[in-house]
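Okay, here's what each chain looks like letter by letter:
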Amino acid sequence: MPSLQDTLLIFSDLDGSLLDIHTYDWQPAIPWLDRLLDNQVPVILCSSKTVAEMLEIQQDLGLEGLPLIAENGAVIQPDVRWEMGQRHIRGMSHQDIHRLIEQIRLQLRVKFTTFDDVDERVISEWTGLTRYRSALARKHEASVTLIWRDTDEKMVEFEEVLARSGLKCLQGARFWHILDARCGKDVAVNWLIEQYREQEDITPVTLGLGDGPNDAPLLDSMDFAVVIKGINRQGIVLRDTSPARVYYTQQPGPAGWSEGLDHFLSSSRQIT
């Protein structure tokens, strides 16, 4: 079992995990966030959200300056202490992906609505975010977010054509996300883990938390994984579900997030 005395890195999804899927509240996670801060354990946010959104959330949570992984791994923001420049955008740009899926939409006559098709008022209605946060949610750099409005059969056809274009489609808690097929949460976390080895001269123990199908690559890359009870009917399918490595929570959202840390770090949770 991991311990707060280990050289520990925690990678966490946001919506439906650290944040409540409906209200975006994180209050149940505050005791653990404080404890991890006291023990200098980095909490690295790993989400489908944009960098613009995640930098605001980092400030809300007191995690400023730490690395983050945005747009399902297509964008990486390194630790501010590392002398390696600005954030890394991997694969195709948002503009290139948007152009390709518009061509595919016409070719296949499939029905979907992207964040580029609507304004922040509509995104606010979809998500419950404020208009300001909805505007940040439209600032994609290397992916496209959409609502699928067609059949499962059409989705299979859509994914096949995307693959031939070098793209892939990931299902999150609420939306679908299109990004370069070479990108992923697993690719991003493995790159960041290697940076910690090189920049900090450590061999970290990793623990990941997530609730949606798009979190599977993240959790498969971790030493220990917490599958938070989510709303997606497909759930999360992992390669290694050993009880010593994976814990499935009874509670959703930030309460489940804390439950998962209680499970893995219970022997050390009173040590600060």
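Residues numbered from 1 in each chain as written. Predicted model: local features only at pLDDT ≥ 70, side-chain atom pairs only at ≥ 80, totals over all residues. Heavy atoms only, no water.

- Looking up the chain in an unreviewed UniProt entry gives the name Mannosyl-3-phosphoglycerate phosphatase-related protein, with the organism given as Enterobacter cloacae.

## Structural notes on the overall build of the chain
Moving on, step 1. Counting its regular elements, the chain contains 9 helices and 12 strands.
Moving on, step 2. Taking 272 residues into account, the globule formula puts the C-alpha radius of gyration at 19 Å, and the chain, at 18 Å, falls close to it.
Moving on, step 3. Expressed along its principal axes, the backbone C-alpha trace of the chain runs to roughly 60 × 40 × 35 Å.
Moving on, step 4. Counting every position in the chain, which comprises 272 residues, the buried fraction comes to 56%.
Moving on, step 5. Across the chain, the fraction of contacts at a sequence separation of at least 24, relative to all contacts at a separation of at least 6, is 61%.
Moving on, step 6. Total accessible area on the chain stands at roughly 12,100 Å², and carbon and sulfur atoms take up 47% of it.
Moving on, step 7. Charge separation in the chain, taken as the distance between the mean sites of 27 positive and 41 negative side-chain charges, equals 6 Å. (Helix = DSSP H or I, 4+ residues; strand = E, 2+ residues; numbered from the N terminus. Rg over C-alpha atoms; globule rule 2.2 N^0.38 Å. Buried < 20%, exposed > 50% of the residue type's maximum accessible area, 1.4 Å probe, protein only. Contact = heavy atoms within 4.5 Å. Areas by Shrake-Rupley, 256 points an atom, 1.4 Å probe, with all protein chains shown as cover. Lys, Arg positive; Asp, Glu negative; His and termini not counted. Charge placed at Lys NZ, Arg CZ, Asp CG, Glu CD.)

## Some points on the domain arrangement of the chain
Moving on, step 1. Structurally, the chain comprises domain 1 (6-86 + 182-264) and domain 2 (90-178).
Moving on, step 2. Placing a centre on the C-alpha atoms of domain 1 and another on those of domain 2 gives a separation of 23 Å.
Moving on, step 3. Domain 1 puts 29 residues into the contact, and the matching count from domain 2 is 22 residues.
Moving on, step 4. Approximately 2,200 Å² of surface area, both sides summed, lies buried where domain 1 meets domain 2, with 48% of it carried by carbon and sulfur atoms.
Moving on, step 5. The interface formed by domain 1 and domain 2 includes 3 salt bridges.
Moving on, step 6. The salt bridge involving R133 is made with D60; its shortest N-O contact spans 2.9 Å.
Moving on, step 7. Here domain 1 and domain 2 share 13 residue pairs in polar contact (both at pLDDT 80 or more) between them. (Domains from an automatic or database assignment. Buried area = accessible area lost by both parts, 1.4 Å probe. Salt bridge = Lys/Arg side-chain N within 4 Å of Asp/Glu carboxyl O. Polar contact = N/O pair within 3.5 Å; in protein donor to acceptor, adjacent residues only side chain to side chain.)

## Considering the pairing of strand β10 (residues 205-210)
Moving on, step 1. When you tally the buried positions in β10, you get 5 out of 6 residues, the bulk of the element.
Moving on, step 2. In the sheet, strand β1 (residues 8-12) pairs with β10 via 5 bridges, with the strands oriented parallel. Each bridged residue has a counterpart across the sheet, and for L9 the counterpart in β10 is T206.
Moving on, step 3. Both β10 and strand β11 (residues 224-229) contribute to a ladder of 4 bridges, which runs parallel. Paired with L209 across the bridge in β11 is V226. (Pairing = 2+ DSSP bridges.)

## Looking at the packing of aromatic side chains
Moving on, step 1. For the structure on display, the rule yields 8 aromatic pairs.
Moving on, step 2. Between W126 and F175, the ring centres sit 6.3 Å apart and the planes meet at 45°, which makes this aromatic pair tilted. Highlighted residues: W126 in helix α4 (residues 120-127) and F175 in the loop between β8 (167-171) and β9 (176-180), separated in sequence by 49 residues.
Moving on, step 3. Classification of F175 as buried rests on a relative accessible area of 11%.
Moving on, step 4. Ring-pair connections join several aromatic residues into one group, and the members of that group are F112, W148 and F158.
Moving on, step 5. Stacked on the ring of W32, the Lys or Arg R35 has its end atom at 4.7 Å from the ring centre. (Phe/Tyr/Trp six-rings, centres within 6.5 Å; stacked < 30°, edge-to-face > 60°. Lys NZ or Arg CZ within 6 Å of the ring centre and 35° of its normal.)

## Concerning the pairing of β1
Regular strands show a simple pattern: their side chains alternate between the two faces of the sheet.
Moving on, step 1. Within β1, 5 of the 5 residues are buried, leaving the element largely enclosed by the surrounding structure.
Moving on, step 2. Side chains L8, I10 and S12 of β1 all project onto a buried face; the interleaved residues L9 and F11 project onto the opposite face, where all are buried too.
Moving on, step 3. Pairing of β1 with strand β2 (residues 43-46) involves 3 bridges; the strand directions are parallel. In the strand pairing of β2, I10 is matched with V43.

## A closer look at empty space enclosed by the protein
Moving on, step 1. Under the defined criterion, the tally for this structure stands at 1 cavity of 30 Å³ or more.
Moving on, step 2. Roughly 270 Å³ of volume is contained in the largest cavity.
Moving on, step 3. Lining the largest cavity we find 24 residues, and of these D15, S48, K49, F175 and H177 sit closest to its centre.
Moving on, step 4. Looking at the lining of the largest cavity residue by residue, the classes come out as 7 nonpolar, 10 polar and 7 charged. (1 Å grid on protein atoms, 1.4 Å probe; cavity = no way out; pocket = protein on both sides within 12 Å on 5 of 7 lines; lining within 4 Å. Points joined across faces, edges and corners; volume = space filled by probe spheres on them. Nonpolar A, V, L, I, M, F, W, Y, C, P; charged D, E, K, R; others polar.)

## Quick notes on the side chain of S47
Moving on, step 1. Note that S47 resides in the loop between β2 and α2 (51-61).
Moving on, step 2. At a separation of 2.9 Å, a polar atom in the side chain of S47 contacts the main-chain amide nitrogen of K49.
Moving on, step 3. Filtering out sequence-adjacent residues up to four positions away, S47 remains in contact with D13, L14, M54, I69, A70, E71, N72 and K185.

## Considerations on the packing of helix α3 (residues 94-108) against helix α6 (residues 152-164)
Each pair of packed helices gets described by two things: the angle between the helix axes and the distance between those axes.
Moving on, step 1. Closest axis-to-axis distance for the α3/α6 pair is 11 Å, and the angle between their directions is 135°. Here α3 lies oblique to α6, going by the angle between them. Here α3 runs over α6; the crossing is right-handed. Only K154, E157, F158, V161 and L162 of α6 make contact with α3, whose side of the interface consists of I101, I104, Q107 and L108.
Moving on, step 2. Classifying every residue of the contact of α3 with α6 by side-chain character gives 6 nonpolar, 1 polar and 2 charged. (Axes fitted to C-alpha atoms, helices over the stretch in contact; angles between N-to-C directions. Parallel < 35°, antiparallel > 145°, perpendicular 65-115°, else oblique. Left-handed = near helix turned anticlockwise from the far one by under 90°.)

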